[in-house]
Amino acid sequence: ITIRGRDDADIERKLAPVQAAVRRQLGNFILAEDDQTLEGVVLAELAKRGASLAVVESFTAGQIAGRLAHLPGAEAIFRLGVIAREPARFAQVLEGAGAAGALDIGTASKLAAEARAESGATHALAVLIALDEGGDRLDFGGTLAIAIADAAGIATREARILGGRDWLRLGAVEMGLDSLRRHLQGLPIDERTDFEKR
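Residues numbered from 1 in each chain as written. Predicted model: local features only at pLDDT ≥ 70, side-chain atom pairs only at ≥ 80, totals over all residues. Heavy atoms only, no water.

Trainee: Explanation requested: the pattern of salt bridges in the structure shown.
Mentor: Once their charged atoms are close, side chains differing in charge can pair, the charge on each being opposite to the other. Counted by the stated rule, this structure contains 12 salt bridges. Note that Arg67 is salt-bridged to Glu39, the shortest N-O span being 2.8 Å. In this pair, Arg67 sits in helix H3 (residues 63–68) while Glu39 sits in helix H2 (residues 38–48), placing the two residues 28 residues apart along the sequence. Overall, Glu39 belongs to the buried group, its relative accessible area being 12%. The shortest N-O distance in the salt bridge between Arg49 and Glu45 comes to 2.9 Å. One salt-bridge network, in which partners are shared between bridges, spans Arg6, Asp10, Arg13 and Lys14. (Salt bridge = Lys/Arg side-chain N within 4 Å of Asp/Glu carboxyl O. Helix = DSSP H or I, 4+ residues; strand = E, 2+ residues; numbered from the N terminus. Buried < 20%, exposed > 50% of the residue type's maximum accessible area, 1.4 Å probe, protein only.)

Trainee: Even after reading the chapter, I still don't get the packing of aromatic side chains, so can you show me in this structure?
Mentor: Any two aromatic rings considered together are summarised by their centre-to-centre distance and by the angle between their planes. The full count for this structure, using the stated rule, is 0 aromatic pairs. Here the guanidinium or amino end of Arg169 rests over the ring plane of Phe59, the centre of that ring lying 5.4 Å away. (Phe/Tyr/Trp six-rings, centres within 6.5 Å; stacked < 30°, edge-to-face > 60°. Lys NZ or Arg CZ within 6 Å of the ring centre and 35° of its normal.)

Trainee: Can you walk me through the side chain of Arg169 in this structure?
Mentor: Turning to its location among the elements, Arg169 is positioned in helix H6 (residues 165–184). In this structure the side chain of Arg169 is engaged in a polar contact, spanning 2.4 Å, whose partner is the side chain of Asp166. (Polar contact = N/O pair within 3.5 Å; in protein donor to acceptor, adjacent residues only side chain to side chain.)

Below, the structure is given as structure tokens:
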């Protein structure tokens, strides 16, 4: 939103009704404001609670951990990042994960709970992707299984994304971080976005 004015007070006066209208229209879909980033908002929400985080990822190449772990203050919050392509590989790091099954909600829930328990983190995020068969193409996609474990239990979200491997990976990272943001802010984590497929 860009508004011109004589001074800061004039800009604030003109900006207030526009911001209110945007908030009414977009509500829960506003990820961050001003110079904030999605990962910065997540880290700030965790810090506000004195909370900590473990992350389990498949097919994202560790991009969720990479977006969080380098931020200032993350050393007190980020506890563990586990990255693998196959479910069985998670058991090599998460002992209680056992022989993890398919890349689905059940496995994501199990891995999130285990990552939380083993790392001692207050929260754990698992983002798994069951890929379509075949080569990369525009209609290539996958099904995302997202699970967030905390002291209250496990919240889950499933989504389908198409658009090729890079788009799928990017979508999974963004949706995983946004689901965690929503969970921390007490918002529903399963509101559909415009790039999901049924």
